[in-house]
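Spelled out, the chains give:
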Amino acid sequence: MPLLFLTLVLLGLTVLAYYLGRSQALGASATGRLHSLPSYYGYYAALWCGLPVVMLLFAWLTLEPRIVIGLVVNSLPPEQQNLPQAQLDLILTEVRNIAFRSMTMANASPAVLAAAENLKRLTTLANWALTVLALVVAILGILYARSRIRPDFRARNTVEIAVEWILIGCSTIAVLTTAGIVLSLLFEAASFFFRISPIEFLFGLKWSPQDAIRADQVGGSSAFGAVPLFTGTLVITVIAMAVAVPVGLMSAIYLADYAPKGLRDVAKPALEVIAGIPTVVFGFFAALTVAPFIRDLGPLVGLEIGAQSALAAGIVMGVMIIPFVSSLADDVINAVPQSLRDGSAGLGATKSETIKQVILPAALPGIVAAVMLAISKAIGETMIVVMAAGLAANLTLNPFENVTTVTVQIATLLVGDQEFDSAKTLSAFALGLVLFFVTLCLNIIALRVVNKYRERYD
Amino acid sequence: MTDMTISTASDLHTSGAAQARLKARYAREARFKAYGLVAIGFAVTALVFLLWTIVSNGYTAFMQTSIRIEVMIDAERIEGTTPAEKRSDLALRTADWRGMVNASLAAKFPDVPRSDRRFVNDMVSQGAGTQVRDLVLSNPNLIGQSVTLWVLAHSNVDMLHKGFIERDAPPNRRPVNDRQIALYDQLVKEGSLEAKFNFRFLVGANSASPELAGMWVAIVGSFWTLVICLAIAFPLGVLTAVWLEEFAPRNKWTDLIEVNINNLAAVPSIVFGLLGLAVFLNFFGMPRSSPFAGGIVLALMSLPIMIIAARASLRAVPPSIRQAAIGLGASKLQAITHHVVPLAMPGILTGTILAMAHALGESAPLMLVGMNAFVVDVPTGPLDAATVLPVQVFRWAGQPERGFVEKTSAAIMVLLVFLLFMNAAAIYLRKKFERRW
Amino acid sequence: MEIKTKVAAGQVSQADGKAKMAARGVDMYYGEKKALKSIDLDIREREVTALIGPSGCGKSTFLRCLNRMNDVIEGAKVQGDIRLDGQNIYDQAIDVVQLRARVGMVFQKPNPFPKSIYENVAYGPKIHGLARTREELDRIVETSLTKAGLWEEVKARLQETGTGLSGGQQQRLCIARAIAVSPEVILMDEPCSALDPIATAKIEELIDELRSNYTIVIVTHSMQQAARVSQRTAFFHLGELVEVGDTAQIFTNPKDDRTQGYITGRFG
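Because the structure is predicted, anything quoted here is derived from the model rather than measured. (Residues numbered from 1 in each chain as written. Chains lettered and ligands numbered in written order. Predicted model: local features only at pLDDT ≥ 70, side-chain atom pairs only at ≥ 80, totals over all residues. Heavy atoms only, no water.)

> Just give me the short version of the overall build of chain A, but keep the residues and values in it.
For chain A, the helix and strand inventory stands at 16 helices and two strands. For 458 residues, the compact-globule estimate of 2.2 N^0.38 gives 23 Å, and the C-alpha radius of gyration of chain A, at 30 Å, exceeds that figure by more than 25%. Along the first, second and third principal axes, the C-alpha set of chain A runs to 85 × 70 × 40 Å. A buried classification covers 49% of the 458 residues belonging to chain A. Partitioning the intrachain contacts of chain A with sequence separation of at least 6 by distance along the chain shows that 72% fall at a separation of at least 24. (Helix = DSSP H or I, 4+ residues; strand = E, 2+ residues; numbered from the N terminus. Rg over C-alpha atoms; globule rule 2.2 N^0.38 Å. Buried < 20%, exposed > 50% of the residue type's maximum accessible area, 1.4 Å probe, protein only. Contact = heavy atoms within 4.5 Å.)

Now the structure itself:
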């Protein structure tokens, strides 16, 4: 793993730079009083060694694959270069497989083999170039830093300014992440909407994504009307909320105001355990136990329920969200000042009257916000529905039927190998955009409400 | 009317009607309390039921049924003409080991008619030949001799032995036929069939056959993914928290970052998978299915959680500490690096462990960056193809064989044990370093 | 008009000076700490009794014993005997909800519920089922607000939220809220400490008016206030009831040196 090795070497160089800088400063202190502690001169040298190299590595690793692939494409025979993007990607995948995974393709054409050879050679070359360049930059950095180190050099101030900039840089990563999400979703969704109109996507009643065999065949047998996915998501979310909100809210109230200590010591950790269980476990539980149970229950009440019903997925998702609701509700209810409880108790209200008529109304904005966050969680939950809800895009509000959701479709469309240029694949990003947008709105509104609410009682 | 005194009626609250009202109110109170108890009961019951389902289905996977057979290591079935050639690595790897196993089974059950031979052969695992091979590879001198060894039983036999297959069910409702049940009874009777501890499940590679399937690839994959995730999220999270808590001026840019972090914490995890697929795989060309790409995706996902936890710990350090350090002539940065961050570190580490535990259980975004691949080779580094524990659970849960229900549940048990350890570590850390200012 | 007949029945016990509530040998503990030591005190009917004393002397604690508001505090324990109309309020047979309906309370900081003014006053009658029709409820709200001297100020905006009122108005709203339940005793825990002098004067005036119908116990920090509004004054010090007597006597001729020291401002 040359990259890891190079990283270690560069780390070593940075440490070396620290000691070089420090010892030079100590040496220079003979000629005059040092402005800063010697270690700051060390940090200064280390920064000059490390920072430019890190930037170089990032830039290189970003650009290298694209440049290399560009060169490989240029080396392909012209008739292959002019193929449509989708088929070109296929060829490139084949080239990569041959070059890096040493797969032997029985029917690989000589041109592809040559390209693979070329890719291998270019990649090796690029690795060597990077190694040499990085070492040179690191050493130049050390030399420059050493040329600056004098007793009157304000090393501490310089280092502190640099550190502050590094901190600012780190804190922009979160913003860049959001930007990355928005941009990638927008770009991929835009190229989807060039093929399928947004109107059809948002209001169409039939969802059956198919791979187009030819580029101009889109829309033949496939349909991209997402309404069945939205209704499916809605049905499951409503079921989940019907379980999670009353149970979570009542649990929080009971634990805060009624539970004897012994029960609280058991129930609180139990809720935390539920919160810590991975969603894939809930999915397995739903598919293995709850769904068959509900299916078997159906005939007893005269209903035909399939092996995969919205009900099973919804109930299990509700259980998953219970601790989320109860912990948010607990925070909100505890924020209601004691003076209101006293006021109500002083008038002779029972505990439940105080809770129902004073605390809950006072906490209502917070509870609404908690429910909105819970809804956002339910909409975005993937594994439970992938495992326990179905794939069939039925346009129905019947909880006993098999429905599919936005997240299920994203997961099934994108898991496994995919052609990045087909409407089928791109539709997942359009769905992702809708998902992101809806949950974002819910979150922003909820967080606003929560903040307002907190201010009111602070 | 004006001087009507509605107040000092001492029996207003003590009359019979008042008592009746009071009774009704207490009934409502009791009802409300009962609702609360039912809610708690529902949540706890669901949890117990879930854990019970997992454990009752999964504990058997740690034992695997084996069958003792006597195999003749038949030189005829190994390629090559001279003994030296037959001992070559290639010859040993390509020999007809399965044929030898089948021959040994035929010798063991001579009364079975030829037409039923395949039922006999299906008593042992697909991997039985490989087991013989590995034995001979480690000791080529066995060639030409007869060895007694325990080979894995086929998953169906295993399920029968563990009681997951009802032997009284109608023949078309069970995957083993009457002939196989008879053979099974015979093997049990003569002591040639036993359940042994299943090391392969923990440290073996994955397989499409339930009796051979192991979760080592997923464990190593999860390890590398978490290493990458931690290496990125921890420094970024702590540095961001330090900046926001200690340096950031109150302005629009800071507000933007804060709102942004709070919102990111609530973005569905699958959206991070989309980001990883579009940006890291397709734009930056990172290797698919690798812990490297998966770790970065998880790092971005855990980053907001880490930042929020780190900020809370930094905020808990009282301002007097900062003022004391600065009052002694330390620079702001020195006050923070020498005093504030070390004091906040236990809290930050607790938050980090919890964030990592969360990341360990995450599967949806990793599936989108290809970590649901069927990987046989144990990854040696973060750039190799790998899968992770929860995704392995998902894959096995989708397998139709009855034997995989057991394996899935057991894999969940292993995953939950890891999570338990991480959470216990976090609780220990919090208890040990808890400080009240 | 059932209310009226009840009122008539309730007016039998109007002998002046009769003890409405009586505490005998009351000890109170917060965990290990003893907060009240053997308190004996009579609260006379239709009089204002002021509890005074330095901070932490136990006067508020004693007040909260009178309607068992200390019940909710963990580790709080009351021993001894507090009687309301001759019945021990810590008796098993006494229901705390009913007790608090009879012994209402007004708190130090105005704490109107975040509901409308109307709903704030109607809350008590509603939960206790004191009104069977909307008209009855309206009347109780109006009477209570009138008695609290707030009706003229808020009658046009009954549906506005109670937290939007000024501090003094909020406190009068809280008094109206307490009156609406038709209590026999009203406990006031430093009701004016969060208010400006003008609002304080209004509340004091109100307390004086309410005296004709209710038995009032008021905890106050201000000796002038105690002198202005109360008929009897009890001086607490370090969890003990040092002295109790007619207000005029306590302030002009205290029997105990500690009382003397406190009212002349040597400590407090």
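> Requested: an account of the interface of chain C and chain A, with residues and values cited.
Contact with chain C, which involves 21 residues of that partner, is made by 19 residues of chain A. At the boundary of chain C with chain A, total buried surface from both sides reaches about 1,500 Å², with 64% on carbon and sulfur atoms. Ranking the residues of chain C by area buried against chain A places Pro 114, Tyr 123 and Ile 127 of chain C at the top, with a combined share of 33%. On the surface where chain C and chain A come into contact, there are one salt bridge. Notably, a salt bridge pairs Asp 342 of chain A with Arg 64 of chain C, separated by 3.9 Å at the nearest N-O pair. In this assembly, chain C and chain A are joined by four residue pairs in polar contact (both at pLDDT 80 or more). Mapped onto the side of chain C that touches chain A, the elements with two or more residues apiece are α3 (96–102), β6 (103–106), α4 (117–128) and α7 (167–179) of chain C. (Buried area = accessible area lost by both parts, 1.4 Å probe. Salt bridge = Lys/Arg side-chain N within 4 Å of Asp/Glu carboxyl O. Polar contact = N/O pair within 3.5 Å; in protein donor to acceptor, adjacent residues only side chain to side chain.)

> Tell me about the confidence of the model for chain C, and name the residues and values.
Residue and element names in this part refer to chain C. Put simply, chain C has an average pLDDT of 87, and 93% of its residues get 70 or more. Of all secondary-structure elements in chain C, the lowest mean pLDDT belongs to helix α1 (residues 2–10), at 38, while strand β8 (residues 215–219) reaches the highest, 95. Counted against residues more than four places away or in other chains, residues 1–15, with its pLDDT under 50, gives 18 contacts. Confidence metrics for the complex model read pTM 0.87 and ipTM 0.90. (pLDDT = per-residue confidence, 0-100.)

> Could you give me a rundown of helix α15 (residues 406–414) of chain A, with the residues and numbers involved?
With eight of its nine residues buried, α15 of chain A lies for the most part within the structure. Along α15 of chain A, the positions that sit buried rather than exposed are Val 406, Thr 407, Val 408, Gln 409, Ile 410, Ala 411, Leu 413 and Leu 414 of chain A.

> Would you mind going over the interface of chain B and chain A in detail, with residue names and values included?
Each partner contributes residues to the interface: chain B has 75 residues there, and chain A has 86 residues. At the boundary of chain B with chain A, total buried surface from both sides reaches about 6,800 Å², with 77% on carbon and sulfur atoms. When residues of chain B are sorted by the area they lose upon contact with chain A, Phe 32, Ile 40 and Leu 274 of chain B head the list and together hold 10% of the total. Put simply, chain B and chain A have one salt bridge between them. Here Glu 353 of chain A makes a salt bridge to Arg 25 of chain B, at a shortest N to O gap of 2.8 Å. With 22 residues, helix α1 (residues 16–58) of chain B is the single largest residue contributor to the side of chain B that touches chain A.

> Quick rundown of the pattern of salt bridges? Include the residues and the values.
Residue and element names in this part refer to chain B. One pass over the full model with this rule turns up 40 salt bridges over all chains. We note a salt bridge from Arg 77 to Asp 74, for which the minimum N-O separation is 3.7 Å. Each of Glu 245, Arg 250, Glu 258, Arg 311 and Arg 315 takes part in salt bridges that share partners, so that together they form one network.

> Could you give me a rundown of the sheet that holds strand β2 (residues 33–44) of chain C, with the residues and numbers involved?
Residues and elements named next belong to chain C. The strand order across the open sheet built from four strands is β2-β1-β4-β5, with neighbouring strands paired in antiparallel fashion. In this open sheet, the two edge strands, each paired with only one partner strand, are β2 and β5 (87–88). Pairing geometry for strand β1 (residues 19–30) and strand β4 (residues 76–84), over eight bridges, is antiparallel. Looking at the pairing, Ala 23 lines up with Ile 82 of β4. With respect to the sheet, helix α2 (residues 59–66) is in contact with β1, β2 and β4, its orientation differing from that of β2 by roughly 65°. (Pairing = 2+ DSSP bridges. Axes fitted to C-alpha atoms, helices over the stretch in contact; angles between N-to-C directions.)

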